[in-house]
Amino acid sequence: MEGIAMPKAGTFSTCETLRDGRSVTIRALQPDDRRAMLSAVGRVSAQSLYRRFFGPKRGFTEKETDFFVNVDFVTHVALAAVIDDGGQATIIGAGRYIVSQPGKAELAFAIVDEYQGKGIGAALVRNLILIARASGIEQLVAEVLPENAPMLALFRKYGFGVQKGGSAAVIHVVLDLNDSNTRSA
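Note that the structure is predicted; figures quoted are calculated from it, not measured.

## Things to note about the overall build of the protein chain
No. 1: Helix and strand counts for the protein chain stand at 5 helices and 8 strands.
No. 2: Counting from the amino terminus, the protein chain carries its helices and strands in the arrangement β-β-α-α-α-β-β-β-α-β-α-β-β.
No. 3: Residues counted as buried form 44% of the 185 residues belonging to the protein chain.
No. 4: Within the protein chain, counting contacts between residues at least 6 apart in sequence, those at least 24 apart form 61% of the total.

## Re the packing of aromatic side chains
No. 1: All chains considered together, the criterion is met by 2 aromatic pairs.
No. 2: Between Phe 109 and Phe 155, the ring centres sit 6.1 Å apart and the planes meet at 55°, which makes this aromatic pair tilted. Residue Phe 109 is found in strand β5 (residues 104-111), and its partner Phe 155 is found in helix α5 (residues 149-157); the two are separated by 46 residues along the sequence. Residue Phe 109 shares its accessibility class with Phe 155, and that shared class is buried.

## Remarks on the sheet that holds strand β6 (residues 139-144)
No. 1: Taken in spatial order, the 8 strands of this open sheet run β1-β2-β3-β4-β5-β6-β8-β7, and their pairing is mixed. Across the chains shown, the open sheet's two edge strands, defined by having one partner strand only, are β1 (13-17) and β7 (161-163). Going from strand to strand, the sheet's axes swing by 30° on average, the running direction of each strand aside.
No. 2: As defined by bridge partners, β7 adjoins strand β8 (residues 171-176) across 3 bridges and the pair is classed as antiparallel. Looking at the pairing, Gln 163 lines up with His 172 of β8.
No. 3: Here α5 sits on the sheet and contacts β5, β6, β7 and β8; the angle it forms with β6, its principal contact strand, is near 160°.

## Overview of the pairing of β5
The side chains of a regular strand alternate, residue by residue, between the two faces of the sheet.
No. 1: In this structure, strand β4 (residues 88-101) lies alongside β5, joined through 8 bridges in antiparallel fashion. In the sheet register, Val 99 faces β5, and the bridge partner there is Ala 105.
No. 2: The turn linking β4 back onto β5 is made up of 2 residues, and Gly 103 within it adopts a positive phi angle of 80°.
No. 3: The pairing of β5 with β6 spans 3 bridges and is parallel. In the strand pairing of β6, Glu 106 is matched with Val 141.
No. 4: In this fold, β5 hands off to helix α4 (residues 120-134), which returns the chain to β6; that crossover is right-handed.

## Examining α4
No. 1: Taking 1.5 Å of rise per residue, the 15 residues of α4 would be expected to cover 21 Å, and the 21 Å separating its terminal C-alpha atoms lies within 8% of that figure.
No. 2: Of all 15 residues that make up α4, 13 are buried, and the element is covered over most of its length.
No. 3: In the segment just after α4, Gly 136 is the residue with positive phi, at about 85°.

## Considerations on the pattern of salt bridges
Any two side chains of opposite charge can pair, so long as their charged atoms come close to each other.
No. 1: Under the counting rule described, the total for this entry stands at 2 salt bridges.
No. 2: With its nearest N and O atoms 2.5 Å apart, the salt bridge here joins Glu 16 to Arg 126. Highlighted residues: Glu 16 in strand β1 and Arg 126 in helix α4, separated in sequence by 110 residues.
No. 3: According to the relative accessible area criterion, Glu 16 is buried, its value standing at 14%.
No. 4: Arg 126 sits in the buried class, given a relative accessible area of 17%.
No. 5: Between Arg 27 and Asp 33 there is a salt bridge, and its shortest N-O distance comes to 2.8 Å.

Thresholds, definitions, all that
Here the residue numbering is sequential within each chain, running from 1 through the sequence in written order. Only residues with pLDDT of at least 70 are given local features in this predicted model, and only at 80 or more are side-chain atom pairs given and counted; all residues enter the totals for whole chains, interfaces and linings. Hydrogens and water molecules were not included; the side-chain quantities draw on all heavy atoms of the structure. Every helix listed is a DSSP run of H or I at least four residues long, and every strand listed is a run of E at least two residues long, numbered separately from the N terminus. Throughout this description, buried means an accessible area under 20% of the type-specific maximum (1.4 Å probe, protein chains only), exposed means over 50%, and partly exposed covers the range between. Throughout, a contact is declared for two residues whenever any of their heavy atoms are within 4.5 Å. Stacked, edge-to-face and tilted are the three classes for Phe, Tyr and Trp ring pairs, Trp counted by its six-membered ring, which pair at centre distances within 6.5 Å; planes under 30 degrees apart are stacked, over 60 edge-to-face, the rest tilted. We call two strands paired when DSSP finds no fewer than two bridges between them. Each axis is a line fitted through C-alpha atoms, and for a helix only the stretch in contact is used; angles between axes span 0 to 180 degrees, taken between their N-to-C directions. Here a crossover is taken to be right-handed if, once the strands point away from the viewer, the path from the first strand over the helix to the second is traced clockwise. An expected span of 1.5 Å times one less than the residue number is assigned to each helix. What counts as a salt bridge is simple: a side-chain nitrogen of Lys or Arg found within 4 Å of a carboxyl oxygen of Asp or Glu.

Dropping the structure here:
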């Protein structure tokens, strides 16, 4: 977004409207979100966790939890999707990118099942693209299981191209952020 100053990733926050008319705040994930993030993971189905981690996953070790919530907002950027649930701020999803090499970062997402299909993934992708672009990231990549049709459709909507990888078990998608045809809004 030329001409508009992007806030620092570590303090990023924006409000979005979901398909059902509810508001969701997309904001930087903070270390004190640890309990809320673990609660959200507990509400994600085994199938959704399998699609995210490419294998069975029901919980996280302390080391894994530390990795997910203690991000530096330079090489590891994480956003949380938060709704007001009866006066309680509740994390219902998260998205992140991790720089894998200079100029290139890998994206990943998880949304609590009951909130899937409402536009949360799109809001996370859109805002992560904006932050990545403002941070000088040139390319975003992701690995997606072939049966995860909703995520593949979301990536296609935002201009990600499919690249054949070494394994038929996953689909590799790539978005060149220098491409003027890339959707970010």
